[in-house]
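Spelled out from the first residue to the last, the chains are:
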Amino acid sequence: MATVNEIYALLDRKAPFRTQMDFDNAGFLVGRGEREVNRVLVALDITASVIQEAVDKGCQLILAHHPVIWGTIGRVTDETTTGRNLLRLIEENIAAICAHTNLDAAEGGVNSVLAQQVGLTDCVPLEEMGSDETGKPYGIGRVGDLPDGPFSLEDFAQKVKDALGLTGIRVLDAGCPVARVAVGGGACGSMLPLVKAMGCDTFLTADLKHDLYLEAQALGINLLDGGHYSTEAVVCPALVQWIVEAFPNLSVTVAENQGEVFRYL
């Protein structure tokens, strides 16, 4: 058994909430800190279906990546999706902790796991945000090398599809082999200049706009858009492991009622 506050403290040690970006709203967002927890559900987003799964499984806490409260909220009613979700959490006495950009930056977090999944080694942050207590830099994204490379873009794209369980992937072929790769889980297209500055030939991220494809083509950088969900959901099993190692008596599972919201035809 553990309390919500104790689980929050664990996450704060693993992915310090002070490292979140200025625009973010990561943290302990819903519930009572002293609420005892014996079942935790881990998800990318706190949606109605994820909340229902938590209810069905008897969970007292949902640990999610994306904040369930985002932006200015002037009222909590059943007239909005956010309001309905917050009301259901409160009515069912389910707490919510959301680790967002702090988890993107953390060692063992979103980008570390994504880089590992696609086979990168000798990884460093794509954008340094600061240093931890030991002086080690932390930051968003990762840059690493493919020890068995170089790959053709087609072969690397297939490797990514297999690693992330994708049915499709958007690709820009800039005409160069794949050896030094940058990854940015979620929407990191704005980091393209940093990808170039770090000497990368390929960038895996998500939610890319038309102008970024044109810019990457001009810079000679291959682009792969693996989808927002799939490039970030890789962290969910890692979160389960963090909690189970610290609190072995807890039941911790990854939500089943989640997934990419679109599909390829």
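To be clear, the structure that these remarks concern was listed above.
Residues numbered from 1 in each chain as written. Predicted model: local features only at pLDDT ≥ 70, side-chain atom pairs only at ≥ 80, totals over all residues. Heavy atoms only, no water.

**Focus on the nonpolar core**
Right, on to step 1. With 48 residues, the main nonpolar core has Ile 7, Val 40, Val 160 and Ile 243 as its most contacted residues.
Right, on to step 2. Contributing elements (two or more residues each) for this core: helix H1 (4-14), strand S4 (39-43), strand S5 (61-64), strand S6 (95-98), helix H5 (110-117), helix H6 (153-164), strand S10 (180-183) and helix H10 (236-246). (Core = buried A, V, L, I, M, F, W, Y, C linked by side-chain atoms within 4.5 Å. Buried < 20%, exposed > 50% of the residue type's maximum accessible area, 1.4 Å probe, protein only. Helix = DSSP H or I, 4+ residues; strand = E, 2+ residues; numbered from the N terminus.)

**Quick word on the pairing of strand S7 (residues 121-131)**
Right, on to step 1. Two elements, S7 and strand S8 (residues 137-145), share seven bridges in a ladder whose sense is antiparallel. Paired with Thr 121 across the bridge in S8 is Asp 145.
Right, on to step 2. Linkage of S7 to S8, two consecutive antiparallel strands, is achieved through a turn of five residues, within which Gly 135 is found at a positive phi near 90 degrees. (Pairing = 2+ DSSP bridges.)

**Regarding the environment of Leu 41**
Right, on to step 1. Along the polypeptide, Leu 41 turns up in strand S4.
Right, on to step 2. Leu 41 sits in the buried class, given a relative accessible area of 0%.
Right, on to step 3. Expressed as a C-alpha distance, the spacing of Leu 41 and Leu 63, which sit 22 residues apart in the sequence, is 6.2 Å.
Right, on to step 4. When near neighbours in sequence (up to four residues on either side) are disregarded, Leu 41 contacts Val 50, Glu 53, Ala 54, Lys 57, Cys 59, Leu 61, Ile 62, Leu 63, Thr 253, Val 254 and Ala 255. (Contact = heavy atoms within 4.5 Å.)

**Examining the layout of surface pockets**
Right, on to step 1. There is about 460 Å³ of room inside the largest pocket.
Right, on to step 2. In terms of lining residues, the largest pocket is bounded by 25 residues, among which Ala 105, Ala 106, Glu 107, Lys 136 and Arg 142 are the most central.
Right, on to step 3. Elements represented by at least two residues in the lining of the largest pocket include exactly H1, helix H4 (101-105), H5, S7 and S8.
Right, on to step 4. Put simply, the second largest pocket is a space of about 220 Å³.
Right, on to step 5. Lining the second largest pocket we find 17 residues, and of these Phe 23, Thr 101, Asp 104, Ala 187 and Cys 188 sit closest to its centre.
Right, on to step 6. Secondary-structure elements contributing two or more residues to the lining of the second largest pocket are H4 and helix H9 (228-232). (1 Å grid on protein atoms, 1.4 Å probe; cavity = no way out; pocket = protein on both sides within 12 Å on 5 of 7 lines; lining within 4 Å. Points joined across faces, edges and corners; volume = space filled by probe spheres on them.)

**What to know about the sheet that holds S5**
Strand pairs in the sheet, formed through backbone hydrogen bonds, run parallel or antiparallel to each other.
Right, on to step 1. Judged by pairing direction, the sheet is mixed, and its five strands sit side by side in the order S2-S6-S5-S4-S13 without closing on themselves. Edge positions in the sheet fall to strand S2 (27-30) and strand S13 (251-254), since each of these pairs with one other strand and no more. Along the sheet, successive strands turn relative to each other by an average axial angle of 25 degrees, direction set aside. (Axes fitted to C-alpha atoms, helices over the stretch in contact; angles between N-to-C directions.)

**Some words on H5**
Right, on to step 1. Judged by how many residues are buried, H5 sits mostly within the fold: six of eight residues are covered.
Right, on to step 2. For H5, the complete set of buried residues consists of Val 110, Asn 111, Ser 112, Val 113, Leu 114 and Ala 115.
Right, on to step 3. A positive phi of about 90 degrees marks Gly 119, the residue just after H5.

**Here's the deal with the sheet that holds S8**
Right, on to step 1. Here six strands make up an open sheet; going across it, the order is S7-S8-S10-S11-S12-S9 and the pairing mixed. Among the strands making up the open sheet, the edge pair consists of S7 and strand S9 (170-172). Ignoring which end each strand starts from, the neighbouring axes of this sheet average 20 degrees apart.
Right, on to step 2. H6 rests against S9, S10, strand S11 (202-205) and strand S12 (222-225) of the sheet, and its axis sits at about 25 degrees to S12.

**Structural notes on the side chain of Ser 230**
Right, on to step 1. Mapped onto the fold, Ser 230 is located in helix H9.
Right, on to step 2. What makes Ser 230 buried here is its relative accessible area of 12%.
Right, on to step 3. With sequence-adjacent residues up to four places away left out, Ser 230 is seen in contact with Leu 164, Leu 166 and Glu 260.

**Topic: the packing of H1 against H10**
In helix packing, the relevant descriptors are the interaxial angle and the interaxial distance, both defined with respect to the helix axes.
Right, on to step 1. Where H1 contacts H10, the two axes come as close as 11 Å, and the packing angle between them is 120 degrees. Between H1 and H10, the angle falls in the class oblique. Classified by chirality, the crossing of H10 by H1 is right-handed. Counted together, Ile 7, Leu 10, Leu 11 and Lys 14 of H1 and Leu 239, Trp 242, Ile 243 and Ala 246 of H10 form the full contact between these two elements.
Right, on to step 2. Among the residues forming the contact of H1 with H10, the class breakdown is seven nonpolar, no polar and one charged. (Parallel < 35°, antiparallel > 145°, perpendicular 65-115°, else oblique. Left-handed = near helix turned anticlockwise from the far one by under 90°. Nonpolar A, V, L, I, M, F, W, Y, C, P; charged D, E, K, R; others polar.)

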